[in-house]
Amino acid sequence: MKRTKKTKSILRRLLLGSCGVLMLLLTFFLINYIGKLSDTKAYANAGSVDTALEAWQEMKVTEAPNPPTMTPTPLPVPKAEFSKEYEHLGETEEVFAYDSGVAYGLRYPIYEDAICSSAVKKAAEELLAAELLELSGASDKDCKLVIDYEDGTAGELVSVLFRIEKRVGNAARTEKKQWIFNKKKGELVDAETLFADPAYAYIAEQASAAAAEGAGTLPGDRETFSSFLLTADGAEFYYEADGKEQSVTVPYAALHTYMSVTVNGNVTADGIRKLDPEKPMIALTFDDGPHYINTPRLLKALEKNGARATFFILGDRSFFTEANKETLRQLAASGNEVASHTYSHKDLASLSQEDMIAEITKAAANIYALTGEYPTFVRPPYGSYNDTVKQYANAPLVTWNVDSEDWKSRDADTIVAHVLEEARDGRIVLMHDIHTFSVEAAERLIPELMERGYQIVTLRELFYYKGVELENGKVYHGAY
Ligand code: ZN
């Protein structure tokens with residue numbers, strides 16, 4: 001009994017189970033059939049379930065099963081996130097990828113110079129690796145990294161400024177990184193030490209002047225101006241002022257004395273610049289300084305225009321004050337020429353031999369003590385000398401052939417007009433940097449003379465390019 005019941009029960013279950021399976025199959029077909037309703041041509045003519053099933057069977061044969069849905073993976077960092085403002089010199093390599101939980105985009109330049117090109121690629125990849133390593137440790141896994149760049153060239157130098165944008169969750173941060181390469185030498189240039197400390201005071205001054213009103217005075221330090229690009233026109237410094245990024249371009253002529261690398265190769269070891277021997281030259285010379293206000297002001301005007309001059313300084317005046325001492329040091333470091341106007345501006349021809357020698361040697365000793373170099377030339381006060389002076393000068397004696405007569409007119413307009421009238425190739429102009437009106441005149445004369453085609457040079461440069469042989473004790477009024 002029990003057994004039979006059990007058997008029946010099993011049979012019933014099997015029957016019910018079969019029905020269930022059939023129902024399931026039917027449902028499956030129906031779902032598929034309904035699913036094809038919209039796009040099946042065969043079904044359009046079907047009148048019954050049978051034909052529909054037939055049609056479905058046909059479809060099964062003729063149509064390959066759909067592959068699993070593939071949503072194309074969007075580029076994690078769309079190209080749009082690269083700045084359109086950054087100008088690039090040549091070709092650009094772009095990489096988009098996803099690594100260590102960070103979606104990133106990297107851009108770096110490709111240069112014709114293969115060594116330079118592989119070096120910048122290496123730098124970009126190292127930069128990326130370092131940033132990825134840092135971001136992979138972030139607690140928020142929603143990280144994005146964009147490394148873009150700007151570039152420029154100056155002479156043999158190639159300059160790249162990488163701009164790194166990092167986003168972790170909602171926090172964003174931007175950093176910049178310099179890369180400078182000397183193509184001629186095939187080596188990297190240490191960007192951090194490219195400019196010596198004194199350069200920053202000057203850069204800050206230029207930046208403060210260029211910045212929007214209300215930006216205030218910027219600190220003249222390395223940190224404020226750590227981002228820059230070397231371009232054909234000068235070093236372009238990027239800085240924060242008034243809450244936004246601003247930039248100022250400072251010409252190399254104003255910076256070269258503070259630079260560890262020569263840009264454009266225009267300065268040779270002995271201080272003679274590469275100039276055009278075919279173009280006219282004129283030497284501006286300034287006597288009776290240094291003056292702690294007027295001399296630095298004049299230096300700025302010279303730097304700004306890429307001009308150089310010769311300063312006949314007085315030994316005693318150089319030591320009057322700390323400010324004057326500093327001015328002389330600054331003068332010597334500027335690439336302009338320091339020469340001797342004797343110790344205390346006495347008429348040498350009227351002195352005893354002993355006093356006369358003292359006037360020359362004391363001045364030379366003072367100049368040496370402050371600058372580390374003996375003066376290149378001696379200019380006797382009032383242009384007054386005799387054979388003893390020539391004998392003991394221990395340097396060529398240089399007078400002038402254009403007297404600006406600044407001491408006489410004491411007026412910038414008159415000085416400018418007079419010098420312009422007298423200016424000729426190879427001439428030496430006498431002026432005095434102790435007077436404000438002379439410096440004012442020089443500030444106008446320098447660009448005006450250059451406009452007229454003159455190269456404004458030191459005496460050493462003038463004699464070098466004009467092929468004048470220099471002898472100690474010999475007197476020179478000009479190059480011709
Ligand atoms: Zn004088």
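Being a predicted model, the structure only gives us computed values, none of them experimental.

1. Some points on the pattern of salt bridges
Side chains that differ in sign of charge can pair as their charged atoms come close.
Right, so step 1: Tallied over the full model, the rule gives 25 salt bridges.
Right, so step 2: The partner of R107 in a salt bridge is E94, and the shortest N-O contact between them spans 2.9 Å. Separated by 13 residues along the polypeptide, R107 in strand β2 (residues 102-110) and E94 in strand β1 (residues 91-99) bring together distant segments of the chain.
Right, so step 3: Of the charged contacts in the structure, one is a salt bridge between R329 and E326, with a shortest N-O distance of 3.1 Å. Of this pair, R329 and E326 both sit in helix α9 (residues 322-333), three residues apart, which is roughly one turn of that helix.
Right, so step 4: The exposure class assigned to R329 is partly exposed, which follows from its relative accessible area of 33%.
Right, so step 5: Take E326: its relative accessible area is 43%, and that puts it in the partly exposed class.
Right, so step 6: Through salt bridges with shared partners, a single network forms among E131, E134, K166, R173 and E175.

2. Focus: the packing of aromatic side chains
Right, so step 1: A full pass over the atoms with the stated rule returns 13 aromatic pairs.
Right, so step 2: Their ring planes at 50 degrees and their centres at 5.8 Å tell us that F82 and F96 sit as a pair that is tilted. Of this pair, F82 sits in the loop between α3 (49-62) and β1 while F96 sits in strand β1, placing them 14 residues apart in sequence.
Right, so step 3: You can call F82 buried: its relative accessible area is 3%.
Right, so step 4: Between the aromatic rings of F225 and F237, the centroid separation amounts to 6.2 Å while the plane-to-plane angle is 90 degrees, which identifies the pairing as edge-to-face. With F225 in the loop between α5 (198-210) and β7 (227-230) and F237 in strand β8 (residues 235-241), the pair connects residues that are twelve residues apart, well separated along the chain.
Right, so step 5: Accessibility expressed as a relative area gives 0% for F237, which makes it buried.
Right, so step 6: Here a set of aromatic residues connected by ring pairs shows up, and it is made of F195, Y200, F225, F228, F237 and Y239.
Right, so step 7: Taking NZ or CZ as reference, K362 lies 4.1 Å from the ring centre of Y343, over its face.

3. A closer look at the packing of helix α13 (residues 412-422) against helix α14 (residues 436-451)
Relative placement of two packed helices is described by the angle separating their axes and the distance separating the axes.
Right, so step 1: Two elements in contact, α13 and α14, have axes whose closest approach is 8 Å; the angle formed by their N-to-C orientations is 40 degrees. As far as their axial angle goes, α14 and α13 are oblique. Taken as a pair, α13 and α14 cross one another with a handedness that is right-handed. On α14, the residues touching A412, D413, I415, V416, V419 and L420 of α13 are F437, S438, E440, A441, R444, L445, E448 and L449.
Right, so step 2: Across the contact of α13 with α14, the residue classes tally to nine nonpolar, one polar and four charged.

4. Concerning the coordination of the zinc ion
Right, so step 1: Within the protein, the atoms that donate to the zinc ion are D288 (OD), H341 (NE2) and H345 (NE2), at distances of 2.1 to 2.2 Å.
Right, so step 2: All donors to the zinc ion come from one chain, and their sequence spacing reads D-x52-H-x3-H. A residue pair is termed long-range when its members are at least 10 positions apart, and D288 in strand β10 (residues 281-289) and H341 in the loop between β12 (337-340) and α10 (353-371) qualify at 53 residues.
Right, so step 3: Judged by relative accessible area, D288 falls into the buried class, the value being 12%.
Right, so step 4: H341 gets classed as buried once you look at its relative accessible area, which sits at 3%.

5. A closer look at the pairing of strand β11 (residues 310-313)
Right, so step 1: Of the two faces of β11, the one lined by T310 and F312 and the one lined by F311 and I313 are each fully buried.
Right, so step 2: Taken together, β10, helix α7 (residues 294-305) and β11 form a β-α-β motif whose crossover is right-handed.
Right, so step 3: Relative to β12, β11 runs parallel, the two sharing four bridges. By the bridge assignment, T310 is partnered in β12 with E337.

6. Comments concerning the side chain of N336
Right, so step 1: Mapped onto the elements of the fold, N336 is located in the loop between α9 and β12.
Right, so step 2: In this structure N336 comes out as buried when scored by relative accessible area, which is 7%.
Right, so step 3: Separated by 2.8 Å, the side chain of N336 and the backbone nitrogen of A309 make a polar contact.
Right, so step 4: Here S334 takes part through its side chain, which lies 2.8 Å from a polar atom of the side chain of N336.
Right, so step 5: When near neighbours in sequence (up to four residues on either side) are disregarded, N336 contacts L299, L302, A307, R308, A309, F311 and L331.

7. Re the sheet that holds strand β9 (residues 244-250)
Right, so step 1: The strand order across the open sheet formed by three strands is β7-β8-β9, and the pairing between neighbours is antiparallel. Only two strands of the sheet have a single neighbouring strand rather than two, namely β7 and β9. Neighbour-to-neighbour, the strand axes of this sheet turn through a mean angle of 25 degrees, independent of strand direction.
Right, so step 2: Running at roughly 120 degrees to β9, α5 makes contact with β8 and β9 of the sheet.

Parameters and conventions
- Numbers given to residues run from 1 along each chain, matching the order in which its sequence is written.
- In view of the model being predicted, local features appear only for residues whose pLDDT reaches at least 70, and side-chain atom pairs are presented and counted only at 80 or more, with totals across whole chains, interfaces and linings using the full set of residues.
- Side-chain calculation: all heavy atoms of the structure are included, whereas hydrogens and water are not.
- A side-chain nitrogen of Lys or Arg and a carboxyl oxygen of Asp or Glu constitute a salt bridge if their distance falls within 4 Å.
- Put simply, DSSP H or I for four residues or longer makes a helix, DSSP E for two residues or longer makes a strand, and each gets a number counted from the N terminus.
- The buried label applies to any residue whose accessible area, calculated with a 1.4 Å probe on protein chains only, is under 20% of its type's maximum; exposed applies above 50%, and partly exposed to all values in between.
- Pairing of aromatic side chains requires ring centres within 6.5 Å, counting the rings of Phe and Tyr and the six-membered ring of Trp. Pairs whose planes differ by under 30 degrees are stacked, by over 60 edge-to-face, and all others tilted.
- Here, over-ring charges are defined by two tests on the NZ atom of lysine or the CZ atom of arginine: distance to the ring centre within 6 Å, and angle to the ring normal within 35 degrees.
- The convention used is that axes are lines fitted to C-alpha atoms, helices contributing only their stretch in contact, and that angles between N-to-C directions extend from 0 to 180 degrees.
- Any angle that falls under 35 degrees is termed roughly parallel, while one over 145 is termed roughly antiparallel, one within 65 to 115 roughly perpendicular, and all others oblique.
- Each crossing gets its hand from how the near helix is turned against the far one by less than a right angle, where anticlockwise is left-handed and clockwise is right-handed.
- The contact definition used throughout considers only heavy atoms, calling two residues in contact when any of these lie within 4.5 Å.
- Throughout, the ten residues Ala, Val, Leu, Ile, Met, Phe, Trp, Tyr, Cys and Pro are labelled nonpolar, Asp, Glu, Lys and Arg are labelled charged, and all others, Gly among them, are labelled polar.
- Note that water is not among the atoms considered, so a metal site may appear incomplete; the donors listed are N, O and S atoms within 2.8 Å of the metal, with 3.2 Å applied to Na, K and Ca.
- Call a crossover right-handed when, viewed with both strands pointing away from you, the route from the first strand across the helix to the second goes clockwise.
- For two strands to be treated as a pair, DSSP must find no fewer than two bridges joining them.
- Between N or O atoms, a polar contact is any pair within 3.5 Å; within protein, one atom must be a potential hydrogen donor and the other a potential acceptor, and residues adjacent in sequence are included only when both atoms are from side chains.

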